[in-house]
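Listed below are the residues making up each chain.
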Amino acid sequence: MAEQNPLNPPNPGHDSLVDGNVLAAKSFARCGVKHMFGVVGIPVTSFANRAVSFGVRFFAFHNEQSAGYAASAYGYLTGRPGLLLTVSGPGCVHGLAGLSNAMANTWPMVMISGSCDQSDAGRGDFQELDQLEAVKPFSKFSVRAKDIKDIPNCVVQVLDWAVSGRPGGCYLDLPTDVLHQTLTESEAEELLASAIDGADRKLIGTEIARSEIERAAELLKKAERPLIVFGKGAAYARAETELKKLVERTGIPFLPTPMGKGLLPDTHELAASAARSLAIGKCDVALVVGARLNWLLHFGEPPKWSKDVKFILVDVSKDEIELRKPHVGVVGDAKRALELLNVQIKDDPFCFARNHPWVEGISKKAKDNVSRMEAQLAKDVVPFNFLTPMRIIRDAISGMGSPAPIVVSEGANTMDVGRSVLVQSEPRTRLDAGTWGTMGVGLGYCIAAAVAEPDRLVVAVEGDSGFGFSAMEVEQTLVRYQLPVVVIVFNNGGVYGGDRRSPDEIKGPFKDDPAPTSFVPGAAYHLLIEAFGGKGYLVGTPDELRSALTESFSARKPAVINVTIDPFAGAESGRMQHKN
Ligand code: ADP
Ligand code: MG
């Protein structure tokens, strides 16, 4: 314990006292933390205020869940851990949503929760919970500062763990008594200096095995129908320059995962997205960079993939490679691995010409599918289906040029249709429901995007259900901090839209209640933001939508555009119908 003995003050006369709140805030600031998301209350309010006073901008949310989603996406976009601050007990539990989302997506994040007095733990203290136990399944590292003197070291540890190896969520527990302990300014300085300034905090990355790079190049060289697949791990690694070099030097077609979109422009002539089934169904060698062979990529198995396909996996996580057992596994950072691969093939780029049958086949299929889609998109369908407003939004976004807006997307049909229609031309400009298919991330992601990339407009394209999870954050994001975010709500009156129950499902004493999928028809979501002083639009025709987009995009001010969609357009569960 570092309590001051009043009879024998260290450094009498000069040295003022600092408490745990000040020391924790100073530690984060000293580590270079610039932003924090969270909800304040007992016992962390002073910590947040102190953090602000040391130059950390605090974004105060209504709910820890949204703040946690913001922290996770901030980690992805910046490559530095996103910070979530919560109160104890229930605050920590709400924050688990963000922490688990960071884990599922492998994004770096640190959750900091206040906790009850250590001496009262186990006796039913105010908001008491064994938080270290609660975060265990969702964090790669967690630690409690048991004494004020532990704080600087604990801060360094959680920040470093979050970004080392496979990124993920970490947890720091700050008990009430520790936040109230004091030590002298000079003691604090000494602790800070030894934990942060003096220490050699260079993170050690895995040295990439050259033999695997050679084997990867060899396999690609022998391939007849190679494909390059990349995901949000490659985006996180900022591997776009190396990817471009590899694709353009070898002439191999590529396929991004939803959040890999934009590392190379969707409009690139080697993009295989519009010929996805052909590309993955027929390729004989697939170089997969920073993307898991999980459900999103059909586990890398038949019937979607050929049974003879050979995978080359590049992943920072050795566990991931061991799980998937690829033909060649390259453990290490995606950017570095691709750099080495480019060097390896420099003198022998085994170029696929544009008229190579494999490349030509994909390109032809892609063109056919695109023109079929464009024919559908060209129609103005009113009342709106999903395609018509999506085309209008796509054109408005494309019209913005560079820097391209960040698109936040969630929902069932809204996200599915958005993924194929909206064009991504710059890296890390798409945030969606991700690996976990998490709904309710939208507003948190909007805030994170606006904070992480202040030069970009943020455009959210969301289903009304997804929006509803965190709609109250329009006050926080869109109005209180005046962030340039335009939220477009595809309002079809519910989850998947109208009541689609079979007659067999409509019975029993509550059969006259609205269906579990139904919301209030025609909900006036645009008025919600007006309650706080933002701008709302209600649109139902192409002209109304275009004019709302033009006005809100150029204003770069918080807005909600409520788009009325035919409740029976689209499919139940979108593309996941077989699972529902
Ligand atoms: P997607 O959803 O786009 O398919 P996933 O989240 O499934 O992407 O996969 C991302 C993968 O990227 C994870 O397995 C993660 O370990 C890996 N990864 C994270 N950072 C890096 C990095 N710097 N270099 C290489 N791989 C990375
Ligand atoms: Mg809906």
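Residues numbered from 1 in each chain as written. Chains lettered and ligands numbered in written order. Predicted model: local features only at pLDDT ≥ 70, side-chain atom pairs only at ≥ 80, totals over all residues. Heavy atoms only, no water.

K.L.:
Describe the overall build of the chain, with residues and values.
P.N.:
What the chain contains, in helices and strands, is 22 helices and 19 strands. A compact globule built from 580 residues would reach a C-alpha radius of gyration of about 25 Å, and the chain, at 26 Å, matches this within 12%. With respect to the principal axes defined by its C-alpha atoms, the chain has extents near 85 × 65 × 50 Å. A total of 580 residues make up the chain; the buried ones form 56% of that total. Restricting to contacts in the chain with at least 6 residues of sequence separation, those with at least 24 account for 76%. Counting every atom, the chain has about 24,100 Å² of accessible surface; 54% of that belongs to carbon and sulfur. Positive and negative side-chain charges in the chain, numbering 61 and 68 respectively, have mean positions lying 7 Å apart. (Helix = DSSP H or I, 4+ residues; strand = E, 2+ residues; numbered from the N terminus. Rg over C-alpha atoms; globule rule 2.2 N^0.38 Å. Buried < 20%, exposed > 50% of the residue type's maximum accessible area, 1.4 Å probe, protein only. Contact = heavy atoms within 4.5 Å. Areas by Shrake-Rupley, 256 points an atom, 1.4 Å probe, with all protein chains shown as cover. Lys, Arg positive; Asp, Glu negative; His and termini not counted. Charge placed at Lys NZ, Arg CZ, Asp CG, Glu CD.)

K.L.:
Talk me through the site of ligand 1; I want residue IDs and the actual numbers.
P.N.:
Taken together, 22 residues sit near ligand 1, with Lys232, Thr257, Arg292, Asp315 and Asp333 positioned nearest. Protein contacts shield 97% of the accessible area of ligand 1, which totals 580 Å² for the unbound molecule. Grouping the constituent residues of the shell around ligand 1 by class yields seven nonpolar, nine polar and six charged. Counting residues domain by domain, the shell around ligand 1 receives three or more from each of domain 1 (17–199) and domain 2 (210–364). (Near = heavy atom within 4 Å. Nonpolar A, V, L, I, M, F, W, Y, C, P; charged D, E, K, R; others polar. Domains from an automatic or database assignment.)

K.L.:
Tell me about the packing of helix α9 (residues 210–222) against helix α14 (residues 334–344), and please be specific about residues and values.
P.N.:
Packed helix pairs are characterised by how far apart their axes lie and by the angle those axes make with each other. The interhelical angle for the contact between α9 and α14, taken along N-to-C directions, is 60 degrees, at an axis separation of 9 Å. As far as their axial angle goes, α14 and α9 are oblique. Along this stretch, α9 crosses α14, giving a crossing that reads as right-handed. Counted together, Arg210, Ile213, Glu214, Ala216, Ala217 and Leu220 of α9 and Arg336, Ala337, Leu340, Leu341 and Gln344 of α14 form the full contact between these two elements. Here the residues of the contact of α9 with α14 sort into seven nonpolar, one polar and three charged. (Axes fitted to C-alpha atoms, helices over the stretch in contact; angles between N-to-C directions. Parallel < 35°, antiparallel > 145°, perpendicular 65-115°, else oblique. Left-handed = near helix turned anticlockwise from the far one by under 90°.)

K.L.:
Can you lay out the packing of aromatic side chains for me, pointing to particular residues and giving the numbers?
P.N.:
Counting across every chain of the model gives twelve aromatic pairs. Their ring planes at 80 degrees and their centres at 5.5 Å tell us that Phe467 and Tyr525 sit as a pair that is edge-to-face. You can see Phe467 sitting in helix α19 (residues 464–469) and its partner Tyr525 sitting in helix α21 (residues 525–530), a full 58 residues away along the chain. With respect to class, Phe467 is no different from Tyr525; both count as buried. Pairwise contacts between aromatic rings join Phe37, Phe59, Phe61, Tyr74 and Tyr481 into one cluster. (Phe/Tyr/Trp six-rings, centres within 6.5 Å; stacked < 30°, edge-to-face > 60°.)

K.L.:
Got a sec to walk through the pairing of strand β7 (residues 169–175)? Specific residues and values, please.
P.N.:
For β7, the tally of buried residues reaches seven of seven residues, placing the bulk of the element in the interior. Both strand β5 (residues 109–115) and β7 contribute to a ladder of seven bridges, which runs parallel. Paired with Ser115 across the bridge in β7 is Pro175. (Pairing = 2+ DSSP bridges.)

K.L.:
Can you lay out the sheet that holds strand β4 (residues 82–86) for me, pointing to particular residues and giving the numbers?
P.N.:
The strands that make up a sheet pair up through hydrogen bonds in the backbone, lying either parallel or antiparallel. Spatially, the six strands line up as an open sheet ordered β3-β2-β4-β5-β7-β6, and their pairing is parallel. For this open sheet the edge positions go to β3 (57–60) and β6 (141–144), each flanked by a neighbour on one side alone. Looking at each pair of strands side by side, their axes are set apart by 20 degrees on average, direction ignored.

K.L.:
For the sheet that holds strand β9 (residues 226–230), give the residues involved together with the corresponding values.
P.N.:
Taking strand neighbours across the sheet as the criterion, the five strands line up as β10-β9-β11-β12-β13 in an open arrangement whose pairing is parallel. Both outer strands of the open sheet, β10 (254–256) and β13 (328–331), are each paired with one neighbouring strand and no more. The sheet shows a mean angle of 15 degrees between the axes of neighbouring strands, taken without regard to direction. Where strand β11 (residues 285–289) lies against strand β12 (residues 310–315), five bridges are found, and the strand directions are parallel.

K.L.:
Outline the UniProt feature "domain: Thiamine pyrophosphate enzyme TPP-binding" (unreviewed entry) in the chain, listing residues and values.
P.N.:
As recorded in UniProt, the sites labelled "domain: Thiamine pyrophosphate enzyme TPP-binding" (unreviewed entry) are residues 414–563. The distance from the first to the last C-alpha atom of residues 414–563 is 12 Å, and the span holds 35% helix and 17% strand. (UniProt positions renumbered as here; feature names shortened; annotations may be inferred.)

K.L.:
I'd love a proper account of unusual backbone geometry, names of residues and values included.
P.N.:
Look at the link from Pro302 to Pro303: it is a cis peptide, with omega at 10 degrees. Tracing the backbone shows Pro303 in the loop between β11 and β12. A cis amide bond links Val382 to the next residue, Pro383, at an omega of -5 degrees. Relative to the helices and strands, Pro383 resides in the loop between α15 (357–378) and α16 (387–398). Positive phi values are uncommon outside glycine, yet His298 reaches one of about 55 degrees. Note that His298 resides in the loop between β11 and β12. Even without glycine at this site, Lys325 takes up a positive phi of about 50 degrees. Structurally, the position occupied by Lys325 is in the loop between α13 (318–324) and β13.

K.L.:
Quick one: what's the story with the nonpolar core, residue by residue and with numbers?
P.N.:
The biggest cluster of nonpolar side chains holds 114 residues, and the ones touching the most others in it are Phe37, Leu287 and Leu431. Per-element tally for this core: the top contributor is helix α18 (residues 442–452), with nine residues. Leu23, Phe47, Phe141 and Val143 belong to the second-largest nonpolar core, a separate cluster that totals 41 residues. (Core = buried A, V, L, I, M, F, W, Y, C linked by side-chain atoms within 4.5 Å.)

K.L.:
Any chance you could break down the pattern of salt bridges for me, citing the residues and the numbers?
P.N.:
Summed over the entire model, instances satisfying the criterion amount to 31 salt bridges. Between Glu189 and Lys26 there is a salt bridge, with its nearest N and O atoms 3.6 Å apart. Of the two residues, Glu189 is situated in helix α8 (residues 185–197) and Lys26 in helix α1 (residues 20–30); the sequence distance between them amounts to 163 residues. Overall, Glu189 belongs to the partly exposed group, its relative accessible area being 29%. (Salt bridge = Lys/Arg side-chain N within 4 Å of Asp/Glu carboxyl O.)

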